[in-house]
Amino acid sequence: MHTKQCDVADRSQRETLYEWALKEYPNLNVLVNNAGIQKEIDFKKGTEELFVDGDEIELNFQAPVHLSALFTPHLMKQPEAAIVQVTSGLAFNPLAVYPVYCATKAALHSFSLTLRHQLRDTSVEVIEMAPPMVDTGLNQKSRDKQGLTYRGISSEEYVQYFLDGLKEGKQEITNERVEGLRDATRADYDRLFEQMNTQEN
Ligand SMILES: NC(=O)c1ccc[n+]([C@@H]2O[C@H](COP(=O)([O-])OP(=O)(O)OC[C@H]3O[C@@H](n4cnc5c(N)ncnc54)[C@H](OP(=O)(O)O)[C@@H]3O)[C@@H](O)[C@H]2O)c1
């Protein structure tokens with residue numbers, strides 16, 4: 001594995017990454033937009049928490065949109081290619097303590113649908129990875145604060161689910177729990193929102 005450090009929240013670093021990647025790997029055929037942060041934001045405090053510890057809109061949404069635009073013309077020249085967008089189950093039903101995070105993932109889900117449609121006659125597949133809660137380094141501060149004992153499924157379990165989904169030719173890969181959310185009716189969504197966002201959180 002070869003790596004290059006890049007702050008993908010920085011537009012000029014994204015451009016440098018793109019130029020480096022194509023120079024080093026002219027046959028590159030997959031872009032995975034994985035980087036993301038998740039923050040608790042209380043809008044009753046105004047802008048106090050909005051930009052502390054990173055800008056979720058820039059990193060979770062602007063970066064994958066820009067990188068997709070940069071790489072698409074190159075990917076279209078490859079016989080087989082893919083763009084993987086990492087969204088979340090929270091794209092379908094938001095948790096109010098993470099208001100901007102959930103909105104960026106819903107936006108990236110929407111963008112995945114339209115990008116897939118635009119690229120339907122090309123060699124580029126657009127695959128959406130929408131994990132449930134997975135036990136990773138994501139926002140441990142908030143998970144500790146909420147006293148969550150359940151930290152989600154393991155990365156290995158989700159990766160296996162994702163690989164199985166790829167083999168089956170799925171373009172949107174979640175897990176059983178999120179699939180339930182994805183297929184919910186409007187009434188189910190309202191009920192789930194009430195369940196997920198109680199008076200306590
Ligand atoms: N864990 C979950 O429950 C869950 C559920 C649904 C969706 N997701 C999504 O899955 C993706 C991966 O998250 P994770 O769970 O693996 O969390 P994680 O362990 O916190 O990993 C986040 C990754 O994003 C990278 N990153 C953060 N800011 C960056 C920046 N400015 N530039 C470049 N890279 C940056 C981090 O790199 P460094 O290590 O170098 O900082 C790290 O590799 C995210 O998009 C997240 O929203 C996670």
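For clarity, every value in this text was computed on a predicted model and none was experimentally measured. (Residues numbered from 1 in each chain as written. Predicted model: local features only at pLDDT ≥ 70, side-chain atom pairs only at ≥ 80, totals over all residues. Heavy atoms only, no water.)

Trainee: Explanation requested: the packing of helix α1 (residues 11–24) against helix α2 (residues 56–75) in the structure shown.
Mentor: Two quantities define a packed helix pair, namely the angle between the helix axes and the distance between the axes. At their nearest, the axes of α1 and α2 sit 10 Å apart, and the two run at 35° to each other. Like other packed secondary-structure pairs, α1 and α2 cross with a definite hand, here right-handed. In this structure, α1 uses Arg 11, Arg 14, Glu 15, Leu 17, Tyr 18, Ala 21 and Leu 22 to contact α2, whose residues at the interface are Glu 58, Gln 62, Ala 63, His 66, Leu 67, Leu 70, Phe 71 and His 74. When the residues that make up the contact of α1 with α2 are grouped by side-chain class, the tally is 8 nonpolar, 3 polar and 4 charged. (Axes fitted to C-alpha atoms, helices over the stretch in contact; angles between N-to-C directions. Helix = DSSP H or I, 4+ residues; strand = E, 2+ residues; numbered from the N terminus. Left-handed = near helix turned anticlockwise from the far one by under 90°. Contact = heavy atoms within 4.5 Å. Nonpolar A, V, L, I, M, F, W, Y, C, P; charged D, E, K, R; others polar.)

Trainee: What am I meant to see in the environment of Glu 48 here?
Mentor: Tracing the backbone through its elements, the reader meets Glu 48 in the loop between β1 (30–33) and α2. Between the C-alpha atoms of Glu 48 and Asp 188, which are 140 residues apart in sequence, the distance is 34 Å.

Trainee: What is the right way to read the packing of α2 against helix α3 (residues 99–118) from this model?
Mentor: Packing of α2 against α3 leaves a shortest axis separation of 8 Å and a crossing angle of 15°. As the angle between them shows, α2 and α3 are arranged roughly parallel. The two elements α2 and α3 meet at a crossing, and its hand is right-handed. Residues Glu 56, Ile 57, Asn 60, Phe 61, Pro 64, Val 65 and Ser 68 of α2 pack against Val 100, Tyr 101, Thr 104, Lys 105, Ala 107, Leu 108, Phe 111 and Leu 115 of α3. (Parallel < 35°, antiparallel > 145°, perpendicular 65-115°, else oblique.)

That is the geometry; function is a separate question.
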